[in-house]
Amino acid sequence: MQIVESIAELREALRARSGTVGFAPTMGYLHAGHASLFAASAGENDTTVASVFVNPLQFGHNEDLSTYPRDPERDARLAKEAGVDVLWMPTVDVLYPPGFSTRVRVEGLTEGLCGRSRPTHFEGVTTVVARLFHAVRPDRAYFGQKDYQQLAVIRRMVEDLGFGVAVVGMPVYRELDGLAMSSRNVYLQGDERVRALALRLALQAARRSWAGGERRMSCLAQLLHTTLVEYGVDEVDYAEVVDGATLVRSASDCADADRETVALVAARLGRTRLIDNTVLSAPDPGLDRA
Ligand code: PAF
(Lines give C-alpha, C1' and ligand atoms only; values in the text may rest on other atoms or scores of the structure.)
Protein backbone atom coordinates (compact mmCIF):
# COMPACT_ATOMS: atom_id res chain seq x y z
CA MET A 1 0.00 0.00 0.00
CA GLN A 2 1.28 3.45 -0.93
CA ILE A 3 0.71 6.36 1.45
CA VAL A 4 0.54 9.76 -0.24
CA GLU A 5 -0.06 13.31 0.97
CA SER A 6 -0.10 15.78 -1.93
CA ILE A 7 -2.42 15.74 -4.96
CA ALA A 8 0.65 15.39 -7.22
CA GLU A 9 1.75 12.24 -5.33
CA LEU A 10 -1.79 10.87 -5.50
CA ARG A 11 -2.02 11.43 -9.27
CA GLU A 12 1.44 9.90 -9.76
CA ALA A 13 0.42 6.78 -7.80
CA LEU A 14 -2.76 6.45 -9.87
CA ARG A 15 -0.98 7.01 -13.20
CA ALA A 16 1.12 3.93 -12.47
CA ARG A 17 -2.05 1.80 -12.26
CA SER A 18 -4.62 0.82 -14.84
CA GLY A 19 -8.29 -0.15 -14.72
CA THR A 20 -11.11 1.02 -12.46
CA VAL A 21 -10.66 3.06 -9.30
CA GLY A 22 -12.82 2.62 -6.19
CA PHE A 23 -12.67 5.32 -3.53
CA ALA A 24 -13.72 5.43 0.13
CA PRO A 25 -13.35 8.87 1.75
CA THR A 26 -13.10 8.82 5.57
CA MET A 27 -12.20 11.02 8.50
CA GLY A 28 -9.97 8.28 9.96
CA TYR A 29 -9.99 6.54 13.33
CA LEU A 30 -10.98 3.61 11.18
CA HIS A 31 -13.13 0.71 12.34
CA ALA A 32 -14.67 -2.43 10.85
CA GLY A 33 -17.38 -0.34 9.16
CA HIS A 34 -14.71 1.51 7.15
CA ALA A 35 -12.97 -1.81 6.45
CA SER A 36 -16.22 -3.08 4.91
CA LEU A 37 -16.16 -0.12 2.46
CA PHE A 38 -12.53 -0.82 1.53
CA ALA A 39 -13.20 -4.54 1.10
CA ALA A 40 -16.24 -3.86 -1.12
CA SER A 41 -14.17 -1.51 -3.25
CA ALA A 42 -11.27 -3.98 -3.47
CA GLY A 43 -13.71 -6.65 -4.68
CA GLU A 44 -15.15 -4.43 -7.43
CA ASN A 45 -12.23 -2.32 -8.69
CA ASP A 46 -8.67 -2.71 -9.90
CA THR A 47 -7.40 -0.04 -7.50
CA THR A 48 -8.81 1.04 -4.15
CA VAL A 49 -8.05 4.51 -2.80
CA ALA A 50 -9.02 5.58 0.73
CA SER A 51 -8.59 9.05 2.15
CA VAL A 52 -8.19 10.06 5.78
CA PHE A 53 -8.94 13.73 6.36
CA VAL A 54 -10.67 15.35 9.34
CA ASN A 55 -12.48 18.01 7.36
CA PRO A 56 -12.68 21.29 9.33
CA LEU A 57 -15.39 22.66 7.02
CA GLN A 58 -17.99 20.16 8.21
CA PHE A 59 -17.65 20.97 11.93
CA GLY A 60 -19.65 23.79 13.53
CA HIS A 61 -17.91 26.28 15.86
CA ASN A 62 -19.02 24.47 19.03
CA GLU A 63 -18.37 20.96 17.70
CA ASP A 64 -15.60 18.40 18.26
CA LEU A 65 -13.04 19.27 15.54
CA SER A 66 -10.14 19.67 17.99
CA THR A 67 -10.93 16.48 19.91
CA TYR A 68 -12.00 14.30 16.97
CA PRO A 69 -10.12 10.99 17.50
CA ARG A 70 -7.03 10.51 15.34
CA ASP A 71 -4.61 7.57 14.97
CA PRO A 72 -2.90 7.71 11.56
CA GLU A 73 -0.57 4.73 12.19
CA ARG A 74 -3.41 2.44 13.21
CA ASP A 75 -5.46 3.75 10.25
CA ALA A 76 -2.64 2.81 7.86
CA ARG A 77 -2.45 -0.73 9.28
CA LEU A 78 -6.22 -1.26 9.04
CA ALA A 79 -6.43 0.21 5.53
CA LYS A 80 -3.63 -2.07 4.31
CA GLU A 81 -5.25 -5.17 5.84
CA ALA A 82 -8.61 -4.28 4.27
CA GLY A 83 -7.19 -4.10 0.74
CA VAL A 84 -6.49 -0.38 0.20
CA ASP A 85 -3.84 0.20 -2.50
CA VAL A 86 -3.37 3.95 -2.09
CA LEU A 87 -4.01 5.73 1.22
CA TRP A 88 -4.29 9.48 0.78
CA MET A 89 -3.71 11.52 3.93
CA PRO A 90 -3.82 15.17 2.83
CA THR A 91 -3.17 18.09 5.17
CA VAL A 92 -5.60 21.00 5.43
CA ASP A 93 -3.31 23.07 3.16
CA VAL A 94 -3.41 20.41 0.45
CA LEU A 95 -7.21 20.51 0.21
CA TYR A 96 -7.78 24.13 1.20
CA PRO A 97 -4.73 26.16 0.20
CA PRO A 98 -4.63 29.81 1.25
CA GLY A 99 -7.32 31.73 -0.62
CA PHE A 100 -9.63 28.71 -1.02
CA SER A 101 -13.12 30.24 -1.01
CA THR A 102 -15.42 27.89 -2.91
CA ARG A 103 -18.35 26.02 -1.35
CA VAL A 104 -20.58 23.34 -2.84
CA ARG A 105 -24.10 23.44 -1.39
CA VAL A 106 -27.02 21.10 -2.02
CA GLU A 107 -30.39 22.66 -1.23
CA GLY A 108 -33.53 20.96 0.08
CA LEU A 109 -32.22 17.60 1.29
CA THR A 110 -29.81 19.35 3.66
CA GLU A 111 -32.45 21.40 5.50
CA GLY A 112 -34.01 18.84 7.88
CA LEU A 113 -32.71 16.10 10.19
CA CYS A 114 -28.97 16.67 10.86
CA GLY A 115 -29.09 19.90 8.85
CA ARG A 116 -31.40 21.50 11.41
CA SER A 117 -28.96 21.28 14.32
CA ARG A 118 -25.81 21.37 12.13
CA PRO A 119 -26.65 24.09 9.58
CA THR A 120 -23.21 24.29 7.93
CA HIS A 121 -22.35 20.60 8.12
CA PHE A 122 -23.49 19.35 4.72
CA GLU A 123 -21.94 22.27 2.86
CA GLY A 124 -18.63 21.18 4.40
CA VAL A 125 -19.23 17.57 3.39
CA THR A 126 -20.17 18.31 -0.23
CA THR A 127 -17.31 20.78 -0.63
CA VAL A 128 -14.71 18.27 0.56
CA VAL A 129 -16.23 15.33 -1.33
CA ALA A 130 -16.27 17.37 -4.55
CA ARG A 131 -12.64 18.33 -3.92
CA LEU A 132 -11.66 14.69 -3.21
CA PHE A 133 -13.56 13.38 -6.25
CA HIS A 134 -11.81 15.85 -8.55
CA ALA A 135 -8.42 14.65 -7.31
CA VAL A 136 -9.09 10.88 -7.23
CA ARG A 137 -11.46 10.74 -10.25
CA PRO A 138 -12.96 7.43 -9.07
CA ASP A 139 -15.27 5.14 -11.03
CA ARG A 140 -17.09 4.12 -7.84
CA ALA A 141 -17.26 5.76 -4.40
CA TYR A 142 -18.27 3.95 -1.21
CA PHE A 143 -20.16 5.51 1.72
CA GLY A 144 -21.81 3.99 4.80
CA GLN A 145 -25.60 4.14 5.06
CA LYS A 146 -25.31 5.07 8.74
CA ASP A 147 -25.03 8.62 7.38
CA TYR A 148 -28.24 8.16 5.40
CA GLN A 149 -28.81 11.87 4.83
CA GLN A 150 -25.17 12.41 3.82
CA LEU A 151 -25.48 9.61 1.27
CA ALA A 152 -28.65 11.16 -0.20
CA VAL A 153 -26.98 14.59 -0.38
CA ILE A 154 -23.86 13.20 -2.06
CA ARG A 155 -25.94 11.27 -4.61
CA ARG A 156 -27.80 14.52 -5.41
CA MET A 157 -24.54 16.46 -5.83
CA VAL A 158 -23.02 13.74 -8.03
CA GLU A 159 -26.08 13.74 -10.27
CA ASP A 160 -26.52 17.52 -10.39
CA LEU A 161 -22.86 18.22 -11.15
CA GLY A 162 -22.41 15.24 -13.48
CA PHE A 163 -19.45 13.71 -11.67
CA GLY A 164 -19.87 10.39 -13.46
CA VAL A 165 -19.10 8.49 -10.26
CA ALA A 166 -21.22 5.49 -9.20
CA VAL A 167 -22.10 6.09 -5.53
CA VAL A 168 -22.35 2.83 -3.58
CA GLY A 169 -24.13 2.82 -0.18
CA MET A 170 -22.97 0.11 2.22
CA PRO A 171 -25.11 -1.31 5.09
CA VAL A 172 -24.75 0.09 8.62
CA TYR A 173 -22.01 -1.89 10.35
CA ARG A 174 -22.83 -2.75 13.98
CA GLU A 175 -21.13 -3.91 17.16
CA LEU A 176 -22.29 -7.34 18.43
CA ASP A 177 -24.89 -5.68 20.69
CA GLY A 178 -26.29 -3.66 17.77
CA LEU A 179 -24.69 -0.23 18.37
CA ALA A 180 -23.87 1.30 14.99
CA MET A 181 -20.09 1.59 14.57
CA SER A 182 -18.83 5.17 14.67
CA SER A 183 -15.46 6.77 15.34
CA ARG A 184 -17.31 8.88 17.93
CA ASN A 185 -18.30 5.80 20.02
CA VAL A 186 -14.89 6.17 21.68
CA TYR A 187 -16.22 9.30 23.45
CA LEU A 188 -18.86 7.29 25.38
CA GLN A 189 -18.09 7.24 29.10
CA GLY A 190 -19.38 4.89 31.84
CA ASP A 191 -23.04 3.96 31.44
CA GLU A 192 -23.37 6.06 28.25
CA ARG A 193 -22.20 3.02 26.23
CA VAL A 194 -25.14 0.94 27.53
CA ARG A 195 -27.61 3.82 27.22
CA ALA A 196 -26.45 4.30 23.62
CA LEU A 197 -28.30 1.07 22.81
CA ALA A 198 -31.46 3.21 23.07
CA LEU A 199 -30.88 4.17 19.41
CA ARG A 200 -31.07 0.61 18.11
CA LEU A 201 -33.91 -0.22 20.55
CA ALA A 202 -35.91 2.70 19.17
CA LEU A 203 -35.30 1.60 15.57
CA GLN A 204 -36.23 -1.98 16.46
CA ALA A 205 -39.46 -0.77 18.10
CA ALA A 206 -40.32 1.11 14.90
CA ARG A 207 -39.55 -1.97 12.80
CA ARG A 208 -41.88 -4.09 14.96
CA SER A 209 -44.64 -1.51 14.69
CA TRP A 210 -44.13 -1.31 10.92
CA ALA A 211 -44.25 -5.15 10.71
CA GLY A 212 -47.53 -4.96 12.66
CA GLY A 213 -48.98 -2.73 9.93
CA GLU A 214 -48.44 0.83 11.26
CA ARG A 215 -47.85 3.21 8.33
CA ARG A 216 -48.53 6.62 9.92
CA MET A 217 -45.16 8.37 9.88
CA SER A 218 -46.04 10.62 12.82
CA CYS A 219 -46.99 7.63 15.02
CA LEU A 220 -43.80 5.76 14.10
CA ALA A 221 -41.75 8.91 14.81
CA GLN A 222 -43.46 9.32 18.18
CA LEU A 223 -42.61 5.71 19.04
CA LEU A 224 -38.94 6.37 18.17
CA HIS A 225 -38.93 9.44 20.41
CA THR A 226 -40.62 7.70 23.36
CA THR A 227 -38.25 4.72 23.17
CA LEU A 228 -35.16 6.94 23.05
CA VAL A 229 -36.32 8.79 26.16
CA GLU A 230 -37.42 5.61 27.94
CA TYR A 231 -34.01 3.98 27.50
CA GLY A 232 -32.23 7.03 28.79
CA VAL A 233 -30.59 9.18 26.13
CA ASP A 234 -29.77 12.63 27.52
CA GLU A 235 -31.28 14.59 24.63
CA VAL A 236 -33.17 13.65 21.47
CA ASP A 237 -31.94 15.72 18.53
CA TYR A 238 -34.49 14.17 16.18
CA ALA A 239 -36.57 11.03 15.79
CA GLU A 240 -38.14 10.97 12.33
CA VAL A 241 -39.78 8.72 9.80
CA VAL A 242 -39.52 10.09 6.28
CA ASP A 243 -39.63 9.23 2.61
CA GLY A 244 -36.15 7.97 1.66
CA ALA A 245 -35.94 10.11 -1.49
CA THR A 246 -37.24 13.45 -0.20
CA LEU A 247 -36.22 13.08 3.47
CA VAL A 248 -39.55 14.58 4.62
CA ARG A 249 -42.84 13.05 5.69
CA SER A 250 -45.38 12.49 2.94
CA ALA A 251 -48.21 15.05 2.80
CA SER A 252 -50.72 12.35 3.82
CA ASP A 253 -48.51 11.24 6.76
CA CYS A 254 -48.92 7.71 5.38
CA ALA A 255 -45.88 5.79 4.12
CA ASP A 256 -46.20 5.07 0.41
CA ALA A 257 -46.00 1.31 -0.29
CA ASP A 258 -44.01 1.91 -3.50
CA ARG A 259 -41.33 4.09 -1.93
CA GLU A 260 -38.51 3.62 0.58
CA THR A 261 -39.51 4.68 4.10
CA VAL A 262 -36.75 5.29 6.59
CA ALA A 263 -36.60 5.84 10.35
CA LEU A 264 -33.75 8.07 11.55
CA VAL A 265 -32.61 9.05 15.02
CA ALA A 266 -30.00 11.41 16.45
CA ALA A 267 -29.44 11.70 20.17
CA ARG A 268 -26.92 12.91 22.71
CA LEU A 269 -25.34 10.92 25.55
CA GLY A 270 -23.23 13.29 27.58
CA ARG A 271 -21.11 15.16 25.04
CA THR A 272 -21.51 12.50 22.35
CA ARG A 273 -23.99 12.89 19.51
CA LEU A 274 -24.88 9.62 17.79
CA ILE A 275 -27.01 8.89 14.73
CA ASP A 276 -28.56 5.70 13.37
CA ASN A 277 -31.29 4.66 10.94
CA THR A 278 -33.16 1.78 9.38
CA VAL A 279 -35.09 1.42 6.15
CA LEU A 280 -38.46 0.25 7.46
CA SER A 281 -39.66 -0.90 4.06
CA ALA A 282 -36.76 -3.37 3.60
CA PRO A 283 -35.20 -6.20 5.59
CA ASP A 284 -32.45 -5.03 7.96
CA PRO A 285 -30.43 -8.10 8.96
CA GLY A 286 -28.09 -6.04 11.17
CA LEU A 287 -30.95 -4.82 13.37
CA ASP A 288 -33.21 -7.85 13.08
CA ARG A 289 -30.56 -10.16 14.57
CA ALA A 290 -29.20 -7.74 17.23
O1 PAF B 1 -18.62 10.31 6.45
C2 PAF B 1 -17.51 10.85 6.66
O3 PAF B 1 -16.62 10.27 7.27
C4 PAF B 1 -17.27 12.26 6.14
O5 PAF B 1 -18.41 13.04 6.24
C6 PAF B 1 -16.70 12.29 4.73
C7 PAF B 1 -17.67 11.72 3.70
C8 PAF B 1 -15.41 11.49 4.67
C9 PAF B 1 -16.39 13.72 4.30
O10 PAF B 1 -15.48 14.30 5.16
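Residues numbered from 1 in each chain as written. Predicted model: local features only at pLDDT ≥ 70, side-chain atom pairs only at ≥ 80, totals over all residues. Heavy atoms only, no water.

Novice: So what exactly am I meant to see when it comes to the side chain of Arg-118 here?
Specialist: Its place among the elements puts Arg-118 in the loop between α5 (114–117) and α6 (121–136). Among the polar contacts made by the side chain of Arg-118, one reaches the side chain of Glu-63 at a distance of 2.7 Å. Not counting the four nearest positions on each side in its chain, Arg-118 is found in contact with Gln-58, Glu-63, Arg-184 and Arg-273. (Helix = DSSP H or I, 4+ residues; strand = E, 2+ residues; numbered from the N terminus. Polar contact = N/O pair within 3.5 Å; in protein donor to acceptor, adjacent residues only side chain to side chain. Contact = heavy atoms within 4.5 Å.)

Novice: Explanation requested: the site of the ligand in the structure shown.
Specialist: Around the ligand, the structure places Pro-25, Thr-26, Met-27, Asn-55, Gln-58, Val-125, Val-128, Phe-143 and Gln-150. Gln-58 places a polar side-chain atom, nitrogen or oxygen, 2.6 Å from an oxygen atom of the ligand. In this structure, an oxygen atom belonging to the ligand sits 2.7 Å away from a side-chain N or O atom of Gln-150. Relative to its unbound accessible surface of 290 Å², the ligand loses 87% to contact with the protein. (Near = heavy atom within 4 Å. Areas by Shrake-Rupley, 256 points an atom, 1.4 Å probe, with all protein chains shown as cover.)

Novice: What am I meant to see in the nonpolar core here?
Specialist: One broad rule of soluble globular proteins: the nonpolar side chains tend to lie buried together. Counting residues in each nonpolar core, the largest one holds 47 residues, and the members touching the most others are Leu-10, Trp-88 and Phe-133. With nine residues, α6 is the largest single contributor of residues to this core. Leu-197, Leu-199, Leu-220 and Leu-280 belong to the second largest nonpolar core, which has 27 residues in total. (Core = buried A, V, L, I, M, F, W, Y, C linked by side-chain atoms within 4.5 Å. Buried < 20%, exposed > 50% of the residue type's maximum accessible area, 1.4 Å probe, protein only.)

Novice: Would you mind showing me how to read the sheet that holds strand β7 (residues 235–243) here?
Specialist: Two modes of strand pairing occur in sheets, parallel and antiparallel, and in both the strands are linked by backbone hydrogen bonds. The three strands lie next to each other as β7-β8-β9, forming an open sheet whose pairing is antiparallel. Of all the strands in the sheet, just β7 and β9 (272–279) have a single pairing partner and so form its edges. Taken pair by pair, the neighbouring strands of this sheet meet at an average axis angle of 10°, ignoring direction. Relative to β9, strand β8 (residues 261–269) runs antiparallel, the two sharing eight bridges. What sits directly across from Ala-263, in β9, is Thr-278. Each of β8 and β9 touches helix α9 (residues 198–211); the most contacted strand, β9, lies at about 20° to it. Against the sheet, helix α10 (residues 217–230) contacts β7 and β8, and its axis sits at roughly 155° relative to β7. (Pairing = 2+ DSSP bridges. Axes fitted to C-alpha atoms, helices over the stretch in contact; angles between N-to-C directions.)

Novice: Would you explain the state of the cysteines in this entry?
Specialist: Cysteine pairs can be linked by a disulfide, which is a covalent bond between their two sulfur atoms. Under the criterion given, the structure shown has zero disulfides. Sulfur of Cys-254: no disulfide; nearest cysteine sulfur belongs to Cys-219 and is 10 Å away. (Disulfide = S-S within 2.5 Å.)

Novice: Looking at this structure, I do not really get the packing of aromatic side chains. What am I missing?
Specialist: Here the distance between the centres and the angle between the planes together describe a pair of aromatic rings. Taken as a whole and judged by the stated rule, the model has six aromatic pairs. Aromatic pair Phe-23 and Phe-133: ring centres 6.2 Å apart, planes at 70°, arrangement edge-to-face. Taken as a pair, Phe-23 in strand β2 (residues 21–26) and Phe-133 in helix α6 lie far apart in primary sequence, 110 residues in all. Residues Phe-23 and Phe-133 agree in their burial class; the two are buried. (Phe/Tyr/Trp six-rings, centres within 6.5 Å; stacked < 30°, edge-to-face > 60°.)

Novice: So what exactly am I meant to see when it comes to the pairing of strand β3 (residues 47–52) here?
Specialist: Both faces of the sheet carry side chains from a regular strand, because those side chains alternate between them. Extensive coverage of β3 is indicated by the burial of six of its six residues. Neither face of β3 is open: one carries Thr-47, Val-49 and Ser-51, the other Thr-48, Ala-50 and Val-52, and all of them are buried. Two strands pair when backbone bridges link them, and β2 and β3 are joined in this way by six bridges, in the parallel orientation. Considered in β3, the bridge of Thr-26 is made with Val-52. The parallel pair β2 and β3, bridged by helix α2 (residues 32–44), forms a crossover whose chirality is right-handed. Sheet topology note: the β3/strand β4 (residues 86–88) ladder contains three bridges and is parallel. Each residue of the ladder has a partner; that of Ala-50, found in β4, is Leu-87. Remark: the β3/helix α3 (residues 72–81)/β4 crossover connection has right-handed handedness. (Right-handed = clockwise from strand over helix to strand, strands pointing away.)

Novice: How should I be thinking about the pattern of salt bridges in this particular structure?
Specialist: For side chains of opposite charge, pairing can occur when their charged atoms come near one another. By the definition in use, this model includes 16 salt bridges. Across the pair Arg-268 and Glu-235 runs a salt bridge, and its minimum N-O distance is 3.9 Å. In this pair, Arg-268 is assigned in strand β8 and Glu-235 in strand β7, connecting sequence segments 33 residues apart. Judged by relative accessible area, which is 28%, Arg-268 ranks as partly exposed. Here Glu-235 falls in the partly exposed class, since its relative accessible area comes to 44%. Each member of the salt-bridge network shares a partner with another, and the members are Arg-105, Glu-107 and Glu-123. (Salt bridge = Lys/Arg side-chain N within 4 Å of Asp/Glu carboxyl O.)

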